[in-house]
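Coordinate analysis (summary)
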Amino acid sequence: IGVVRPMQINVSDLGDGALRGFYEFSPTMRKFREYLRGKQTVRWKDSNVHCCAVDCDGRFFWYDWTYDQEATRIEGFDSDSPFALLLDLDE
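Conventions we followed
- Residues numbered from 1 in each chain as written.
- Predicted model: local features only at pLDDT ≥ 70, side-chain atom pairs only at ≥ 80, totals over all residues.
- Heavy atoms only, no water.
- pLDDT = per-residue confidence, 0-100.
- Helix = DSSP H or I, 4+ residues; strand = E, 2+ residues; numbered from the N terminus.
- Buried < 20%, exposed > 50% of the residue type's maximum accessible area, 1.4 Å probe, protein only.
- Pairing = 2+ DSSP bridges.
- Phe/Tyr/Trp six-rings, centres within 6.5 Å; stacked < 30°, edge-to-face > 60°.
- Contact = heavy atoms within 4.5 Å.
- Polar contact = N/O pair within 3.5 Å; in protein donor to acceptor, adjacent residues only side chain to side chain.

Some details on the confidence of the model for the protein
Across the protein, pLDDT averages 81, with 86% of residues at or above 70. The spread of mean pLDDT over the elements of the protein runs between strand β1 (residues 2-4), the lowest at 83, and strand β4 (residues 72-73), the highest at 90.

Here's what the structure looks like:
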């Protein structure tokens, strides 16, 4: 599960078939980093976290769309318990 900055993605910008299915696009994929950084607005200020995600094993990832970030394991994570993510766009 993840959260990403709100932005307008134009399918025509990405070429034919780039967004055909659910697994064709993810804000975590390297091939979309430059395009997504190009969508930057003044609201982003100097923030460097643009999306984050947690997988079912409790690994937490965050992305600045510049470098690969290493996953961090969440101690005591229980995938059967409710949890939420918050991407603070002001920080």
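Some thoughts on the pairing of strand β2 (residues 51-54)
Residues Cys51 and Ala53 line one face of β2 and the alternating positions Cys52 and Val54 line the opposite face, and both faces are buried. The sheet contact formed by β1 and β2 spans three bridges and is antiparallel. When the sheet's bridge partners are listed, valine 3 is paired in β2 with cysteine 52. With four bridges connecting them, β2 and strand β3 (residues 59-63) associate as antiparallel partners. Looking at the pairing, cysteine 51 lines up with tyrosine 63 of β3. The hairpin formed by β2 and β3 contains four residues between the paired strands, and glycine 58 there has a positive phi angle of roughly 85 degrees.

Brief notes about the sheet that holds β3
One key point about sheets: their strands pair by backbone hydrogen bonds, in either a parallel or an antiparallel sense. Pairing within the open sheet is antiparallel, and its four strands lie in the order β1-β2-β3-β4. Edge positions in the open sheet fall to β1 and β4, since each of these has one partner strand only.

Focus: the packing of aromatic side chains
Two descriptors summarise a pair of aromatic rings, namely the distance from one centre to the other and the angle between the planes of the rings. Under the defined criterion, the tally for this structure stands at two aromatic pairs. Centre to centre, the rings of phenylalanine 77 and phenylalanine 83 are 5.2 Å apart; their planes meet at 70 degrees, and the pair counts as edge-to-face.

A closer look at the environment of threonine 66
Counting through the fold element by element, threonine 66 comes out in the loop between β3 and β4. Counting along the chain gives 36 residues from threonine 66 to arginine 30, while the straight-line C-alpha distance between them is 8.9 Å. In contact with threonine 66, other than residues within four places in its own chain, are Arg33 and Arg37.

Here's the deal with the side chain of arginine 33
You can see arginine 33 is positioned in helix α1 (residues 33-37). The exposure class of arginine 33 is buried, given its relative accessible area of 10%. A polar contact is formed between the side chain of arginine 33 and the side chain of aspartate 68, at a distance of 2.4 Å. Not counting residues within four places of it along the chain, the set of residues in contact with arginine 33 comprises Trp65, Thr66, Tyr67 and Asp68.

Describing unusual backbone geometry
A positive phi is found at lysine 45, a non-glycine position, where the angle reads about 50 degrees. By the element assignment, lysine 45 lies in the loop between α1 and β2. With phi around 60 degrees, tryptophan 65 is a residue other than glycine that occupies positive phi space. By the element assignment, tryptophan 65 lies in the loop between β3 and β4.

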